[in-house]
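Each chain is listed here by its residues.
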Amino acid sequence: MPQRKLGHSDLTVSALGLGCMGMSWSYGQAKDRSEMIALLRNAVEAGVTFFDTAEVYGPYTNEDLLGEALEPFKHNVVIATKFGWAPNVGDTTRWSKLNSRPEHIKTAIEGSLKRLRVEAIDLYYQHRVDPNVPIEDVAGAVQDLIKAGKVKYFGLSEASADTIRKAHAVQPVTALQSEYSLWWRQPEDDILPVLEELNIGFVPFSPLGKGFLTGKVDATTQYGDDDFRSTVPRFNIENRAANLKLVEIIKQFADQKQLAVGQIALAWLLAKKPWIVPIPGTTKLARLNENLASVNVKLTPYEIETLEKASEQIKLLGNRYPDAQQKLVGR
């Protein structure tokens, strides 16, 4: 497995990481724990050293899963987790309140350390920007945790270019985690330039469009009420029909190379910048192996340009999130 360095730091990880949310939360019923432990350990054996979770996934259960599965390898892997959510009155499985107050951060990390069974969090992201707390205060709180030896590196998620600059001025930001793929290329406009300028790594989540760019989604695909995608405008029946035209274009490239659609989508991301580390998620061993094989797919500059020009002809429909959550990104 090739390795990549995240930004200005000395944090080196596998070129592809593993997003673990769906093992416990948001994409239907939580999967069998023993099967997910086996999958996580298979990923380690295949060369994956970068694993992504968050306290809100479950809540808590995904961190706990990774803690058990990765404990035998904890000195050889990098585990990223996130803070910044808290339960509103009545919340159960999905928290709806932002809380990045410094005192809350310093309490939240104790739970994450315990569940992950580690002495320090490798990469600690603010999950969403809290408009009620200055980002300088958030960066300062994480800086205190770094000085205390409880955190190694600081990250942000779905933050604007301005917020990244303000945070970075207080505590260097090692990585930004935001959505980026062939069906969400907006980060190219203002995020990628500031990351390159400040030498910050980029960790795209949903690099396969929440499964959409695998080629396994069609007009007949149904999502249960316990699957987050049932609420996402981009996945409703009308928008999905229009957006599938993008998948058809990617499939043409995949067929020419006798590859899977998702492998082309991941290879495109890997080719964009050497400091980009996608974290596709999966709960299936076959899909894990398929995704990991994409690190060996080399697209030429001509192929990349042709793929991008073709995909730009497709008008994609629907927001990435329901309205309430759409307001929380890009702050």
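What counts as what
Residues numbered from 1 in each chain as written. Predicted model: local features only at pLDDT ≥ 70, side-chain atom pairs only at ≥ 80, totals over all residues. Heavy atoms only, no water. Pairing = 2+ DSSP bridges. Helix = DSSP H or I, 4+ residues; strand = E, 2+ residues; numbered from the N terminus. Salt bridge = Lys/Arg side-chain N within 4 Å of Asp/Glu carboxyl O. Axes fitted to C-alpha atoms, helices over the stretch in contact; angles between N-to-C directions. Parallel < 35°, antiparallel > 145°, perpendicular 65-115°, else oblique. Left-handed = near helix turned anticlockwise from the far one by under 90°. Contact = heavy atoms within 4.5 Å. Nonpolar A, V, L, I, M, F, W, Y, C, P; charged D, E, K, R; others polar. Phe/Tyr/Trp six-rings, centres within 6.5 Å; stacked < 30°, edge-to-face > 60°. Lys NZ or Arg CZ within 6 Å of the ring centre and 35° of its normal.

Colleague: Give me the lowdown on the sheet that holds strand β4 (residues 50-52), citing residues and values where you can.
Modeller: Ordered in space as β3-β4-β5-β8-β9-β10-β11, the seven strands form an open sheet in which the pairing is parallel. Of all strands in the sheet, those bounded by a partner on one side alone are β3 (18-19) and β11 (201-205). Judged from the four bridges that link them, strand β9 (residues 151-157) and strand β10 (residues 173-179) form a sheet pairing that is parallel. Bridging across to β10, F154 finds its partner in V173.

Colleague: Hey, could you go over the pattern of salt bridges for me, with residue numbers and the actual values?
Modeller: Two side chains carrying opposite charge are able to pair once their charged atoms lie near each other. All told, the structure shown has 26 salt bridges when counted by the stated rule. The closest approach of N and O atoms between K74 and E119, which form a salt bridge, is 3.2 Å. Linking K74 in the loop between α2 (61-70) and β5 (78-83) with E119 in the loop between α3 (102-116) and β8 (121-126), this pair joins segments that are 45 residues apart in sequence. Between R320 and E179 there is a salt bridge whose closest N-O contact spans 2.9 Å. Separated by 141 residues along the polypeptide, R320 in the loop between α10 (301-311) and α11 (323-326) and E179 in strand β10 bring together distant segments of the chain.

Colleague: I'd like a rundown of the packing of helix α7 (residues 237-257) against α10, residues and numbers included.
Modeller: One can describe the packing of α7 onto α10 by two numbers: an axis separation of 9 Å at closest approach and a directional angle of 155°. Between α7 and α10, the crossing angle belongs to the class labelled roughly antiparallel. Regarding α7 and α10, the two cross each other, and that crossing is right-handed. Across from L246, I249, I250, F253 and K257 in α7, the residues of α10 making contact are E303, T306, L307, A310 and S311. Broken down by class, the residue content of the contact of α7 with α10 amounts to six nonpolar, two polar and two charged.

Colleague: Please give an account of the packing of aromatic side chains that cites residues and values.
Modeller: For the coordinates displayed, the defined rule picks out ten aromatic pairs. Ring centres 4.7 Å apart and planes at 50° place the aromatic pair F83 and Y124 in the tilted group. Pair noted here: F83 is in strand β5 and Y124 is in strand β8, with a separation of 41 residues, a long-range link. Taken together, the aromatic side chains of W183, F212, Y223 and F235 make up a single cluster linked through ring pairs. Geometry around Y321 places K210 over its ring, the cationic atom sitting 5.4 Å from the centre. Its guanidinium or amino end placed over the ring of Y27, R229 lies 4.5 Å from that ring's centre, counting from NZ or CZ.

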